[in-house]
Amino acid sequence: MDRIRITGGNELHGIIPISGAKNAALPLMIASLLTDDTLTLENVPHLADVEQLIRILGNHGADISVNGRRERQGESYARTIHFTCRNIVDTTAPYELVSKMRASFWVIGPLLAREGRARVSLPGGCAIGTRPVDLFIEGLAALGANIEIDSGYINATAPIGGLIGARYVFPKVSVGATHVMMMAATLANGTTTIGNAAREPEVVDLANCLNAMGAKITGAGTSTITIDGVTSLSGARHRVLPDRIETGTYAMAVAMTGGDVILEGTDASLLDTALEAIRRAGAEITPTETGIRVYRNGGGIKPVDVVTDPFPGFPTDLQAQFMGLMTRSSGVSHITETIFENRFMHVQELARLGARITLSGQTAKIEGVPRLKGAPVMATDLRASVSLVIAGLVAEGDTMVSRVYHLDRGFERLEEKLTRCGAIVERVTD
Ligand code: UD1
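Values in this document were obtained by computation on a predicted structure and should not be read as measured data. (Residues numbered from 1 in each chain as written. Predicted model: local features only at pLDDT ≥ 70, side-chain atom pairs only at ≥ 80, totals over all residues. Heavy atoms only, no water.)

Student: Residue-level account of the sheet that holds strand β11 (residues 167-169), with values.
Tutor: Strand order across the open sheet formed by 4 strands is β11-β12-β14-β13, with mixed pairing between neighbours. With partners counted over all chains shown, the strands left at the sheet margins are β11 and β13 (216-218), one partner each. Each strand axis lies, on average, 15 degrees off the axis of its neighbour in the sheet, ignoring direction. Inspection of the sheet shows β11 paired to strand β12 (residues 191-195) by 3 bridges, in the parallel sense. Looking at the pairing, Tyr 168 lines up with Ile 194 of β12. (Pairing = 2+ DSSP bridges. Helix = DSSP H or I, 4+ residues; strand = E, 2+ residues; numbered from the N terminus. Axes fitted to C-alpha atoms, helices over the stretch in contact; angles between N-to-C directions.)

Here it is as structure tokens:
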């Protein structure tokens with residue numbers, strides 16, 4: 001099993017190309033099930049989760065071709081992928097496929113809308129809380145679906161004649177449930193209004209793509225989304241938006257090590273709250289023509305308190321990385337996690353590097369230390385694992401991160417991107 005060895009101490013200088021967003025690419029790929037025409041997605045990141053979803057969509061009947069000639073973007077390679085699902089050959093998403101990645105559960109929306117039925121295994125994914133599916137069930141039921149849970153599977157059927165537009169207000173903000181309800185409602189009879197919808201940029205990206213396919217969606221990016229159902233969707237060509245979590249992660253890495261890096265091909269407006277927190281910690285951040293410049297020279301890292309929240313708040317997906325950064329601050333900071341109840345598994349691993357963190361309920365108190373020391377650590381989930389990389393970049397000596405398959409789910413060519421900027425990061429294959 002691969003591990004990553006980081007030898008700490010180097011500043012980061014150079015250019016890091018930002019990939020297409022994993023969390024946008026996944027729902028966009030799933031949207032291809034809504035049409036018998038070809039959906040072409042550009043700027044798709046090369047990640048384990050994308051490959052897994054390709055297998056899942058293939059199982060439902062999608063014909064998928066990846067452009068042999070990769071599109072050169074800076075020093076990274078974005079891929080263009082064509083998805084054509086002329087017929088849905090199977091409306092079941094089996095446990096073996098769905099258990100590996102929670103987002104694959106989202107196929108329930110398009111399958112139900114297009115075929116009138118879906119049998120989808122209850123999901124797996126990162127172990128960061130209980131992550132129930134009640135909001136999906138209630139949302140789809142509001143559209144008239146009949147839903148039963150049987151032997152670990154959700155069996156959903158639409159009324160004869162298809163799903164029926166409705167007004168539904170989510171009791172809690174959910175990115176995935178918003179994606180699914182929006183996709184399902186595109187082919188419903190009549191108008192659907194989703195209240196308390198997620199406002200994440202990835203929801204807007206999905207709505208833009210669905211509209212390019214012929215859907216009639218307004219309000220994405222606000223908490224009320226309206227969808228006028230249409231009888232069919234066509235193909236389209238759509239470019240996946242830049243990954244704001246990858247952007248924030250590398251910005252925090254530069255804030256940690258010091259140095260001067262251009263994050264290329266990204267957009268500061270996707271992560272204002274997180275960039276503001278990094279600025280307050282002492283890094284300078286300026287938008288450039290092609291992305292964002294992050295630099296920190298001389299001054300130390302200041303303590304900053306953050307609370308995670310749905311967009312436009314501080315993203316839970318950057319909480320672990322920010323904690324990594326705060327381990328070296330010059331004082332005491334507090335990080336409160338409000339989205340997932342069990343998202344502090346990185347705390348004990350950061351402690352192995354010498355971090356001083358105490359947990360009280362959903363709040364972590366981080367007492368900054370003047371130095372961290374390299375140690376063997378274990379990646380526990382996707383975002384937690386990269387917080388260990390950030391800490392390892394300044395730890396004295398070697399930090400060996402095991403279980404890096406978590407990293408490979410969400411960070412494209414991480415070691416290459418960091419190494420090109422002067423870090424010593426090496427993948428070790430046993
Ligand atoms: C998505 C992101 C993930 C991010 C999360 C929150 C993708 C592929 N994943 O995950 O990286 O951390 O948004 O920004 O885009 N909940 C329920 N019932 C439900 C559904 C959700 O109680 O039916 C709860 C969850 O347990 C969690 C909260 O709602 O506490 C938010 O989860 P949600 O927004 O649904 O996260 P995901 O869409 O799974």
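Student: Any chance you could break down the nonpolar core for me, citing the residues and the numbers?
Tutor: Membership of the largest hydrophobic core comes to 147 residues, with the highest contact counts inside it found for Met 182, Leu 210 and Phe 322. Considering every element that reaches this core, the biggest residue donor is helix α8 (residues 244-257), with 8 residues. Sequence-distant contacts of Leu 210, defined by excluding residues within four places in its chain, comprise Ala 31, Leu 34, Met 182, Met 183, Thr 186, Ala 215, Ile 217 and Leu 233. (Core = buried A, V, L, I, M, F, W, Y, C linked by side-chain atoms within 4.5 Å. Buried < 20%, exposed > 50% of the residue type's maximum accessible area, 1.4 Å probe, protein only. Contact = heavy atoms within 4.5 Å.)

Student: If you had to explain the site of the ligand to someone new, which residues and values would you point to?
Tutor: Near the ligand, the surroundings consist of 19 residues, among which Asp 134, Ser 174, Val 175, Asp 317 and Ile 339 are the closest. A distance of 2.8 Å is found between an oxygen atom of the ligand and a backbone nitrogen or oxygen belonging to Gly 176. Elements that contribute at least two residues to the shell around the ligand include exactly α5 (134-142) and α6 (175-186). It is α5 that provides the largest number of residues to the shell around the ligand, a total of 3 residues. Taken together, the residues of the shell around the ligand break down into 9 nonpolar, 4 polar and 6 charged. (Near = heavy atom within 4 Å. Polar contact = N/O pair within 3.5 Å; in protein donor to acceptor, adjacent residues only side chain to side chain. Nonpolar A, V, L, I, M, F, W, Y, C, P; charged D, E, K, R; others polar.)

Student: How would you sum up the side chain of Thr 266? Please name residues and give values.
Tutor: As for its position among the elements, Thr 266 is in the loop between β16 (259-264) and α9 (272-280). Reaching out from Thr 266, the side chain makes a polar contact with the side chain of Thr 247 at a distance of 2.8 Å. When neighbours within four sequence positions are excluded, Thr 266 is seen to be in contact with Ile 18, Pro 242, Thr 247, Thr 290, Gly 291 and Ile 292.

Student: A description of helix α1 (residues 22-31) should follow, citing residues and the corresponding values.
Tutor: Burial analysis of α1 places 9 of its 10 residues in the buried class, the great majority of the element. All of the buried residues in α1 are Lys 22, Ala 24, Ala 25, Leu 26, Pro 27, Leu 28, Met 29, Ile 30 and Ala 31.

Student: Give a description of the side chain of Arg 244 that names residues and reports values.
Tutor: Along the chain, Arg 244 falls in helix α8. By relative accessible area, Arg 244 is classed as buried at 9%. A distance of 2.8 Å separates polar atoms of two side chains, one belonging to Arg 244 and the other to Glu 202. Among all residues touching Arg 244, those that are not within four sequence positions of it are Glu 200, Pro 201, Glu 202, Leu 270, Leu 271, Phe 311, Pro 315 and Leu 318.

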